[in-house]
Amino acid sequence: MTEIRTGFSALEEWLKLSVTELTRQQEALNAINVFPVPDGDTGTNLLATMRTAHETLATQEPQADLGHHLAVAARQALGSAQGNSGSLISVFLLGMGESLAGIEDLTAFALAESLEAGRLRAWSALSEPVGGTILSVMAAASQAARTHASSQGRRSGQDRDLEALKLVGTLEAAWQASLVEAQHTQSRLKELTDIAVVDAGAVGFVIIINCLLAAVRGGEIDLEPYKDLPGYQEPGELGIEQIPATDGVEVVCTVAASALDAALMRAALDAVGESVVMSAMDPAPERDPEYSGYNHASASQGRIDDSLTWRVHVHVPAESVALDIISKAGEPTDVVVTPLSQVGATAPRPHRGAEARPRGGVDACGVEARGSNESGSARSWHLNRTRTDVS
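Residues numbered from 1 in each chain as written. Predicted model: local features only at pLDDT ≥ 70, side-chain atom pairs only at ≥ 80, totals over all residues. Heavy atoms only, no water.

Colleague: Explain the overall build of the protein to me, please; I cannot follow it from the model alone.
Modeller: Looking only at helices and strands, one finds 11 helices and 7 strands in the protein. Burial status across the protein gives 57% buried among its 391 residues. Restricting the contact set of the protein to residue pairs at least 6 apart, pairs at least 24 apart contribute 78%. Per element, the accessible surface of the protein, about 16600 Å² overall, is 49% carbon and sulfur. (Helix = DSSP H or I, 4+ residues; strand = E, 2+ residues; numbered from the N terminus. Buried < 20%, exposed > 50% of the residue type's maximum accessible area, 1.4 Å probe, protein only. Contact = heavy atoms within 4.5 Å. Areas by Shrake-Rupley, 256 points an atom, 1.4 Å probe, with all protein chains shown as cover.)

Colleague: Can you walk me through the packing of helix H2 (residues 42-58) against helix H4 (residues 83-99) in this structure?
Modeller: Two packed helices can be described by the angle between their axes and the distance between those axes. Closest axis-to-axis distance for the H2/H4 pair is 7 Å, and the angle between their directions is 30°. Crossing of H2 over H4 shows right-handed handedness. Contacts from Thr 42, Asn 45, Leu 46, Thr 49 and Met 50 of H2 reach H4 at Gly 83, Ser 85, Gly 86, Ile 89, Ser 90 and Leu 93. Tallied by class, the residues present in the contact of H2 with H4 amount to 4 nonpolar, 7 polar and no charged. (Axes fitted to C-alpha atoms, helices over the stretch in contact; angles between N-to-C directions. Left-handed = near helix turned anticlockwise from the far one by under 90°. Nonpolar A, V, L, I, M, F, W, Y, C, P; charged D, E, K, R; others polar.)

Colleague: Help me out: how do you make sense of the side chain of Asn 210 in this one?
Modeller: By the element assignment, Asn 210 lies in helix H9 (residues 200-217). On the accessibility criterion, Asn 210 (5% relative accessible area) is buried. Contacts of Asn 210, omitting those with residues within four sequence positions, involve Trp 175, Ile 221, Asp 222 and Tyr 226.

Colleague: Teacher, can you tell me more about the nonpolar core here?
Modeller: For soluble globular proteins, nonpolar side chains are generally found buried alongside one another. Judged by nonpolar contacts, the single largest core of 82 residues is most densely connected at Trp 14, Val 203, Phe 205, Val 216, Tyr 226 and Tyr 232. Residue assignment for this core shows that the elements contributing at least two residues are helix H1 (8-31), H2, helix H3 (66-79), H4, helix H5 (108-125), helix H6 (134-151), helix H7 (160-188) and H9. In this structure, Cys 253, Ala 257, Leu 308 and Ile 326 belong to the second largest nonpolar core, which totals 23 residues. (Core = buried A, V, L, I, M, F, W, Y, C linked by side-chain atoms within 4.5 Å.)

Colleague: What should I look at first to understand the environment of Thr 42 in this one?
Modeller: By secondary structure assignment, the location of Thr 42 is in helix H2. With relative accessibility at 6%, the residue Thr 42 sits in the buried group. Between the C-alpha atoms of Thr 42 and Ala 200, which are 158 residues apart in sequence, the distance is 6.4 Å. In contact with Thr 42, other than residues within four places in its own chain, are Asn 30, Asn 33, Ser 85, Ala 200 and Gly 201. At 3.1 Å, the side chain of Thr 42 and the side chain of Asn 33 are in polar contact. (Polar contact = N/O pair within 3.5 Å; in protein donor to acceptor, adjacent residues only side chain to side chain.)

Colleague: Just checking my understanding: could you explain empty space enclosed by the protein for this structure?
Modeller: Evaluation of the coordinates by the stated rule reveals 3 cavities of 30 Å³ or more. Taken as a whole, the largest cavity holds about 90 Å³ of empty space. Around the largest cavity sit Thr 6, Gly 7, Ala 10, Leu 11, Trp 14, Leu 66, Leu 70, Met 96, Leu 100, Leu 106, Leu 111 and Leu 212, which together line it. Counting residues per element, the ones that place at least two in the lining of the largest cavity are H1 and H3. If you tally residues by element for the lining of the largest cavity, the top one is H1, at 3 residues. (1 Å grid on protein atoms, 1.4 Å probe; cavity = no way out; pocket = protein on both sides within 12 Å on 5 of 7 lines; lining within 4 Å. Points joined across faces, edges and corners; volume = space filled by probe spheres on them.)

Colleague: Got a minute to help me understand the pairing of strand E4 (residues 306-316) in this structure?
Modeller: On any regular strand, side chains alternate: one points to one face of the sheet, the next to the other face. Among the 11 residues in E4, 10 count as buried, and that is most of the element. Alignment of strand E1 (residues 249-258) against E4, held across 10 bridges, turns out to be antiparallel. Looking across to E4, one finds that Val 251 is bridged to Val 314. In this structure, strand E2 (residues 274-280) lies alongside E4, joined through 5 bridges in antiparallel fashion. By the bridge assignment for E4, Ser 279 is matched with Arg 311. (Pairing = 2+ DSSP bridges.)

Colleague: Honestly, the pattern of salt bridges in this entry has me stumped. Any pointers?
Modeller: Side-chain pairs of opposite charge can arise whenever the charged atoms involved come near each other. Per the counting criterion, the structure on display carries 8 salt bridges. A salt bridge links Glu 98 to Arg 121; the nearest nitrogen and oxygen atoms lie 3.0 Å apart. Taken together, the positions of Glu 98 in helix H4 and Arg 121 in helix H5 put the pair 23 residues apart, joining distant regions of the chain. Across this residue pair, the class does not change: Glu 98 and Arg 121 are buried. Because the salt bridges share partners, they merge into one network encompassing Glu 116, Arg 119 and Arg 146. (Salt bridge = Lys/Arg side-chain N within 4 Å of Asp/Glu carboxyl O.)

Structure (structure tokens):
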């Protein structure tokens, strides 16, 4: 019998397997990426996120605290996340890490609670959560895990082998539920129903949960179940280029702002854009032992506020629309602007005062550039801005 892994090695293997499997299925995911915009990059974004998380974990000295390791990796991934899918999976992992703080070995109950924490964090990061997407699959996995774990009972001092088997059973329930829900996404969103495909982000999440199951239980990833997902792996005549291009740009950046300013910023972005995703990146003070207190806003602003570091994602008609709003809350850094039109788009203009450079290859965090591909996809550009220190 293969040994069931529940500690740091399981976490490490999970992230490693996710990178391997998303690399293998990257193009299949990109091919069905039609919601919220048909820009064909869901596989690329999910892969970049999980690669950053894995490479961050690889630099850490193994400790007993699984939550600390996962939260550190997730924050790094969130800081460079692109797209709705990359942003939401980063937030989900961060929620899991925060829930697992102080946990040395995964158990059925710890897993179930962490999946629910990840779900709550991801749903709350979106201004307008939409069902029939990766969010619904997160919810299905969480509900199935909690139901299965509760049905097994919770007793202290339980046999370690029995507890490990309960963990595997709970993971299997979560994966199966997420797979079923992913299949249902095809009928729950008009954009997906019209071309008979499932949601790309939903399938990506199923793959990541499948990798967690394989990391804990051991064994290979079974690709057979994915063949039943409508439009996936065998898209037929479906092509992203057949779907009308979307005007506007995706703006992603990091900004330090007080909770009040962040709330006002979100409201303003909601009024002018779509797909607003915002999440605080700072460690939770009551859980992270390295937390040293919130920073204070710059004295030059004429006030003292509790500030947090936020990762912001939004779709807007032009980058200046978003950056002007964000700049009122704080200085945006790590700004990336990408045209939403998948075919025939031109490179975006640099924001005023910013030096632009194309992102190519793989950066220090292992994030791949989203350059032009054979179908003419738009290149992402990184706006090289100097971060304003907050003291």
